[in-house]
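Residue strings, one per chain:
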Amino acid sequence: MSDTTGYEDFLAGRYFNPGDSRLRELRGRCYALLDALNATSNADKAARADLLRELLGACGEGVNVKSPFQCDYGVNLRLGAGVFVGVGCVFLDVAPIEIGDGTLVGPQVGIYAVEHPIDAAERALGVERGRAVRIGRNCWIGGHATINPGVELGDNVIVASGAVVTRSFPDNVMVAGVPARVVREL
């Protein structure tokens, strides 16, 4: 039996039980703020900016997140200045998700900083863990792209629509495909 709480394991990046009371409390806070955000008109930029500052771990000037939007905790999301997030995005922020200044995220993009055990018996225990995702400045993530746990993208990276990004890429490349690969230097 572990001497740590699920919350401590969550913070340390170890497998944890998401049923931990502190984690349930954090998700409940997040879901209440998401309900308010998703019920606020996309045209009401001032109210949305206030909600985003309360929801997110960091929120730069001019961030624009369109509804509907979904995340797990909010506090693990750090969006730089001028970040745009299109409609229908899902950011599972079990670990930090950092998006650099000026990055554009298309509609229905999934950024997943959570993983489950490969072993079926361990998976049946209901545990999960996070692996941070970092996206550089001035990137463009095309609609329906998927960014998997642990991925780091450099500055000025373009991810083509529908790509599944399973590994990290350096600055100034365009990636496409399943799994994503470099198709062009920029």
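Above this text is the structure in question.
Now for a description of the structure that goes with this document.

Thresholds, definitions, all that
Residues numbered from 1 in each chain as written. Predicted model: local features only at pLDDT ≥ 70, side-chain atom pairs only at ≥ 80, totals over all residues. Heavy atoms only, no water. Helix = DSSP H or I, 4+ residues; strand = E, 2+ residues; numbered from the N terminus. Rg over C-alpha atoms; globule rule 2.2 N^0.38 Å. Buried < 20%, exposed > 50% of the residue type's maximum accessible area, 1.4 Å probe, protein only. Contact = heavy atoms within 4.5 Å. Areas by Shrake-Rupley, 256 points an atom, 1.4 Å probe, with all protein chains shown as cover. Lys, Arg positive; Asp, Glu negative; His and termini not counted. Charge placed at Lys NZ, Arg CZ, Asp CG, Glu CD. Pairing = 2+ DSSP bridges. Phe/Tyr/Trp six-rings, centres within 6.5 Å; stacked < 30°, edge-to-face > 60°. Lys NZ or Arg CZ within 6 Å of the ring centre and 35° of its normal.

For the protein chain, the count of helices and strands is four helices and 19 strands. The C-alpha radius of gyration computed for the protein chain amounts to 17 Å, which stays within 12% of the reference 16 Å derived for 186 residues, consistent with globular compactness. The principal-axis extent of the C-alpha atoms belonging to the protein chain is close to 50 × 40 × 20 Å. For the protein chain, the proportion of its 186 residues judged to be buried stands at 44%. By sequence separation, contacts in the protein chain at least 24 residues apart represent 27% of the contacts at least 6 residues apart. With the model as given, the accessible surface of the protein chain reaches about 8900 Å², and the carbon-plus-sulfur share is 53%. A distance of 5 Å separates the average location of the 18 positive side-chain charges in the protein chain from that of its 22 negative side-chain charges.

Here the focus is the sheet that holds strand β8 (residues 104-105). Strand order in the open sheet formed by seven strands is β2-β5-β8-β13-β16-β18-β19, and the pairing between neighbours is mixed. If you trace the sheet from one side to the other, it starts and ends with β2 (64-65) and β19 (181-185), each paired once. Taken together, the two bridges between strand β13 (residues 140-141) and strand β16 (residues 158-159) define a ladder with parallel strand orientation. Across the sheet, the residue bridging to I141 is V159, located in β16.

The next thing to look at is the packing of aromatic side chains. The geometry of an aromatic ring pair is captured by the separation of the ring centres together with the interplanar angle, meaning the angle of the planes. One pass over the full model with this rule turns up four aromatic pairs. With a centroid separation of 6.2 Å and 25 degrees between ring planes, the pair formed by Y7 and F10 is classed as stacked. In this pair, Y7 and F10 are both assigned in helix α1 (residues 6-12), three residues apart and thus about one turn of the helix distant. Judged by relative accessible area, Y7 falls into the partly exposed class, the value being 23%. Overall, the relative accessible area of 8% leaves F10 in the buried class. Seen in terms of ring centroids, F10 and Y73 are 4.9 Å apart; in terms of plane orientation they differ by 45 degrees. Their pairing is tilted. Highlighted residues: F10 in helix α1 and Y73 in the loop between β3 (69-71) and β4 (77-79), separated in sequence by 63 residues. Accessibility assignment for this pair places F10 and Y73 in one class, buried. By way of ring pairs, the aromatic residues Y7, F10, F16 and Y73 are connected into one cluster. The ring of Y7 is capped by R22, whose NZ or CZ atom sits 5.2 Å from the centre of that ring.

The next subject is the pairing of strand β18 (residues 173-176). Sheet topology note: the β16/β18 ladder contains two bridges and is parallel. Across the sheet, the residue bridging to I158 is M174, located in β18. Bridge count between β18 and β19: four bridges; the pairing is antiparallel. Bridged to A176 within β19 is R181. Hairpin geometry of β18 and β19 is characterised by an intervening segment of four residues between the two adjacent antiparallel strands and by a positive phi of about 100 degrees at G177.

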